[in-house]
Structure formats: structure tokens, C-alpha cells
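Chain and residue survey
The primary structure of each chain is shown beneath.
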Amino acid sequence: MMPIGPATRIYLAAGATDLRQSYEGLSDQVRHRFQEDPLSGHLFVFANRPRTRIKILYWDGSGTWVCAKRLAKGCFSWPKTAESACGCTPW
């Protein structure tokens, strides 16, 4: 379980992210997209183009977690960029 306290921030990567990436790739995304330290203890959340999968990158003090979720149907409601518009309706 991820301890989320009042000082923990949650960063959502708007638009689509290539979720074939794991620890190093997502850490690079955190450094470049958010200009943040992936070892900060904050949560960094990424979604794929159809918004059916998400990955969360989290540092717990002793190691990095990558948690994933795939929806069986529907898609996540997600902040869009001009390139990421799709016809999926969240449920």
C-alpha cells in the first residue's frame, strides 16, 4: 500500500504515454515532463492512448514501485492534449 500523506502530490501526465516503459523510462518522463525528481515520494500517473491502462511510478524510500491497472471495458477520464483526442466515452 502506498502511504499518501498531506504532503504527497499526484502528477497526471496529460495525453498519451508509451506504457511499454518501466522504471527507467517512466523516471525519465518524470524528469522531462514534470521537471521533478522521481525519488521525491510523489505519485506520477501515466495513461496509454486509448486510456484503458494506467501506470503509477512511486518511490517508497527503499525502492521504486510501478503499479499498473488495465480496465476490462470503458476508459479512464483523463486530461487531454490536442494530440490525444479519442472517441472513447468514460463510464
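That block above? That's the structure.
Attention in this report is confined to the structure presented alongside it. Residue positions are counted from 1 within each chain, in the order its sequence is given. Per-residue local features of the predicted model are confined to residues with pLDDT of at least 70, and side-chain atom pairs are confined, for both listing and counting, to 80 or more; whole-chain, interface and lining totals are unaffected and use all residues. Side-chain measures were taken over the full set of non-hydrogen atoms in the model, leaving aside hydrogen atoms and water.

Our next topic: the overall build of the chain. A run of H or I in DSSP counts as a helix once it spans at least four residues, and a run of E counts as a strand once it spans at least two, with each numbered from the N terminus. If you tally the helices and strands in the chain, you get one helix and four strands. For the chain, the succession of helices and strands along the chain, N to C, is β-α-β-β-β. Exposure classes here rest on a 1.4 Å probe applied to the protein chains alone. A residue is buried below 20% of its type maximum, exposed above 50%, and partly exposed in between. In the chain, which comprises 91 residues, the proportion classed as buried is 34%. Residue exposure ignores everything except the shown protein chains as possible cover, and the areas themselves are Shrake-Rupley values with a 1.4 Å probe. Accessible area of the chain: about 5900 Å², with a carbon and sulfur share of 54%.

Among buried residues, the Ala, Val, Leu, Ile, Met, Phe, Trp, Tyr and Cys ones that are joined through side-chain atoms within 4.5 Å form a nonpolar core. Core analysis: the largest hydrophobic core is formed by nine residues, namely Tyr-11, Ala-13, Leu-19, Leu-26, Val-30, Phe-34, Phe-44, Phe-46 and Leu-57. Every element with two or more residues in this core is listed here: helix H1 (23–34) and strand E2 (43–47). When residues in this core are grouped by element, the largest group, three residues, is from H1. Every residue pair with non-hydrogen atoms within 4.5 Å of one another is taken to be in contact. Discounting chain neighbours no more than four positions away, the residues touching Leu-57 are Tyr-23, Leu-26, Ser-27, Val-30, Pro-38, His-42, Leu-43, Phe-44, Phe-46, Thr-64, Trp-65 and Val-66. Among the nonpolar cores identified, the runner-up in size contains eight residues, and Leu-43, Ala-47, Tyr-58 and Trp-78 belong to it.

DSSP bridges decide pairing: two strands pair if at least two such bridges lie between them. Spatially, four strands are ordered E1-E2-E3-E4 in an open sheet, and the strand pairing comes out mixed. Only two strands of the sheet have a single partner each, and these edge strands are strand E1 (10–12) and strand E4 (64–70). Here the strands of the sheet are splayed against their neighbours by 20 degrees on average, with no regard to which way each runs. As defined by bridge partners, E2 adjoins strand E3 (residues 53–59) across four bridges and the pair is classed as antiparallel. Opposite Val-45, over in E3, you have Ile-56 as the bridge partner. In this fold H1 packs onto E1, E2, E3 and E4, with an angle of close to 100 degrees to the strand it touches most, E2. Angular values range over 0 to 180 degrees, each being the angle between N-to-C directions of two axes fitted as lines to C-alpha atoms, with helices fitted over their stretch in contact.

Here, a salt bridge means any side-chain nitrogen of Lys or Arg that lies within 4 Å of a carboxyl oxygen of Asp or Glu. Taken as a whole and judged by the stated rule, the model has two salt bridges. Here Arg-20 ties to Asp-18 by a salt bridge, and the two come within 2.9 Å at their closest N and O atoms. For Arg-20, a relative accessible area of 74% corresponds to the exposed category. We note a salt bridge from Arg-31 to Asp-28, for which the minimum N-O separation is 3.0 Å. With a gap of three residues between them, Arg-31 and Asp-28 both fall in helix H1, about one helical turn apart. The partly exposed category is assigned to Arg-31, whose relative accessible area is 43%.

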